[in-house]
Amino acid sequence: MKKVVLLICAILMVSSLSVFALNRKKGDIKHGKKIFREQCKACHDGKHAKKVRPAYKTRAQWKRYLKNDGKKLFRKHEKAKVKLNLTKKDINDLWSFCYVGALDSEKPQTCD
Ligand code: HEC
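Summarised in this report is the structure supplied together with it.

Thresholds applied
- Residues numbered from 1 in each chain as written.
- Predicted model: local features only at pLDDT ≥ 70, side-chain atom pairs only at ≥ 80, totals over all residues.
- Heavy atoms only, no water.
- Near = heavy atom within 4 Å.
- Polar contact = N/O pair within 3.5 Å; in protein donor to acceptor, adjacent residues only side chain to side chain.
- 1 Å grid on protein atoms, 1.4 Å probe; cavity = no way out; pocket = protein on both sides within 12 Å on 5 of 7 lines; lining within 4 Å.
- Sits in = over half its atoms within 2 Å of the grid points.
- Helix = DSSP H or I, 4+ residues; strand = E, 2+ residues; numbered from the N terminus.
- Core = buried A, V, L, I, M, F, W, Y, C linked by side-chain atoms within 4.5 Å.
- Buried < 20%, exposed > 50% of the residue type's maximum accessible area, 1.4 Å probe, protein only.
- Contact = heavy atoms within 4.5 Å.
- Axes fitted to C-alpha atoms, helices over the stretch in contact; angles between N-to-C directions.
- Parallel < 35°, antiparallel > 145°, perpendicular 65-115°, else oblique.
- Nonpolar A, V, L, I, M, F, W, Y, C, P; charged D, E, K, R; others polar.
- Donors = N, O, S within 2.8 Å, 3.2 Å for Na, K, Ca; no water.
- Tetrahedral: all angles 85-135°; square planar, octahedral: opposite > 155°, others 65-115°.
- Expected span 1.5 Å × (residues − 1).
- Bend = angle between axes of the 7 residues up to and from the residue.

Moving on, we come to the site of the ligand. Close to the ligand lie 17 residues, the nearest being Cys-40, Cys-43, His-44, Lys-57 and His-77. Lys-57 is positioned such that a nitrogen or oxygen atom in its side chain is 2.9 Å from an oxygen atom of the ligand. Comparing atom positions with the cavity grids shows the ligand to sit within the largest pocket. Taken together, the elements giving at least two residues each to the shell around the ligand come down to α2 (29-43) and α3 (59-79).

Given below as structure tokens:
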């Protein structure tokens, strides 16, 4: 029994390492909001690209886009030939903002 518990703990620890690379508590929500408003919203207005707001996706979905220094977010935009100008700090700030404004948060943010 003890061994099983230890094994589970070990697995949890290893898997949390990659997941917790994003640190929403260290992120600057206000700055994340500013980036979203100034950069993302300009394109994702339903004309240039489909409408995207923090409130349109769940926390888990945002995490998938933003983890690993925004790998999936960059991949999606490279495919669309869009170059995003974001530092690692920006990505983390966006994560903090999208976390508090996600679909499954208390106050979903539409930035409108
Ligand atoms: C220059 C225009 C442009 C900017 C700036 C931009 N995007 Fe995009 N984005 C696109 C295009 C084009 C696509 C792919 C086609 C689509 O989904 O409309 C895309 C795709 C996405 C997707 C995937 C959509 C889905 O549901 O599959 C997300 C999420 C996203 N962008 C978020 C962001 C965020 C967050 C920012 C701000 C950091 C941002 N985008 C900035 C143009 C842009």
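There is more to say, and it comes next.
Before going further, it helps to examine the nonpolar core. In a soluble, globular protein the nonpolar side chains are often hidden away together inside. The biggest cluster of nonpolar side chains holds 19 residues, and the ones touching the most others in it are Phe-36, Trp-62, Leu-66, Leu-73, Leu-86, Leu-94 and Trp-95. Counting residues per element, the ones that place at least two in this core are α2, α3 and α4 (88-101). Counting residues per element, this core draws most heavily on α4, at six residues. For Leu-73, the residues in contact, after removing those within four places along its chain, are Tyr-65, Leu-66, Leu-84 and Leu-86.

Another aspect to go through is the packing of α3 against α4. The interhelical angle for the contact between α3 and α4, taken along N-to-C directions, is 175°, at an axis separation of 10 Å. By the angle class used here, α3 and α4 are roughly antiparallel. Residues Arg-59, Trp-62, Lys-63, Leu-66, Asp-69, Gly-70 and Phe-74 of α3 lie in contact with α4, whose contacting residues are Lys-88, Ile-91, Leu-94, Trp-95, Cys-98 and Tyr-99. Of the residues contributing to the contact of α3 with α4, the split by class is eight nonpolar, one polar and four charged.

Around the iron atom of the ligand, the donor atoms from the protein are His-44 (NE2) and His-77 (NE2), and they sit 1.9 Å away. Taken together, the six donor atoms coordinating the iron atom of the ligand and their angles of 89 to 180° define a geometry best described as octahedral. Here the residue His-44 occupies a position in the loop between α2 and α3, and His-77 occupies one in helix α3, the gap between them amounting to 33 residues. Take His-77: its relative accessible area is 16%, and that puts it in the buried class.

This paragraph deals with α2. Turn by turn, an α-helix covers 3.6 residues, leaving residues three or four places apart pointing in a common direction. Here α2 spans 21 Å end to end across 15 residues, near enough to the 21 Å set by a 1.5 Å rise per residue. The axis of α2 is deflected most strongly, by about 35°, at Phe-36. Among all positions of α2, only Gly-32, Ile-35, Phe-36 and Cys-40 are buried. Its buried side turned inward, α2 meets α3 and α4. Where α2 starts, the residue carrying a side-chain oxygen 3.1 Å from the main-chain nitrogen of Lys-30 turns out to be Asp-28.

Interpretation in functional terms is not warranted from these geometric data alone.
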